[in-house]
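Below are the chains, spelled out letter by letter.
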Amino acid sequence: VQLQASGGGFVQAGGSLKLSCAASGNIHSVNDMGWYRQAPGKERELVAVNTIGSTITYADSVKGRFTISGDISKTAVYLQMDDLKPDDSAVYYCHASIFYGATENHYWGQGTLVTVSS
């Protein structure tokens, strides 16, 4: 399984970016897809996740500014990021949780860099 993420870039504070992620390969049952981010010197953290049951979870720091969308049954997920702040600068990773029978596997995209200037 491969996750291909795109859409990162450089933007000024208050600007917007949209990230896209598509999964391909031998995919059985997607449980959830979402986005994590990792800033320099910090641990990777959840940004937003969408489950197959359409339950969406956002990090408190992005609520009201970021919107996750997409049809994870079709293995695609997007992250619309509005009102970006310098603290949002990080490498953003697409993640998918996929079940093969009773076994849950986790997959990561290659990461896409988001830089927000003040």
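An account of the accompanying structure is given in this report. Computed from a predicted structure; not experimentally measured.

With that settled, the discussion passes to the pairing of strand β4 (residues 29-38). As paired elements, β4 and strand β9 (residues 90-100) share nine bridges and run antiparallel to each other. Looking across to β9, one finds that R37 is bridged to Y92. Of the strand pairs in this sheet, β4 and strand β5 (residues 45-51) are connected by six bridges, and their pairing is antiparallel. Its bridge partner lying in β5, D32 is registered against T51. Between the end of β4 and the start of β5, which pair antiparallel, lie six residues, with G41 showing a positive phi angle near 80°.

Overall, antiparallel pairing links the four strands, which are arranged β1-β3-β8-β7 in an open sheet. Every other strand in the sheet has two partners, leaving β1 (2-6) and β7 (66-69) as the edge strands with one partner each. Strand after strand, the sheet turns through a mean of 15° between neighbouring axes, direction not considered. For β1 and strand β3 (residues 17-24), the ladder comprises five bridges, and the chain directions are antiparallel. In the strand pairing of β3, S6 is matched with S20.

The rules behind each value
- Residues numbered from 1 in each chain as written.
- Predicted model: local features only at pLDDT ≥ 70, side-chain atom pairs only at ≥ 80, totals over all residues.
- Heavy atoms only, no water.
- Pairing = 2+ DSSP bridges.
- Helix = DSSP H or I, 4+ residues; strand = E, 2+ residues; numbered from the N terminus.
- Axes fitted to C-alpha atoms, helices over the stretch in contact; angles between N-to-C directions.

So, to be careful, I would describe these as geometric facts and stop short of saying anything about function.
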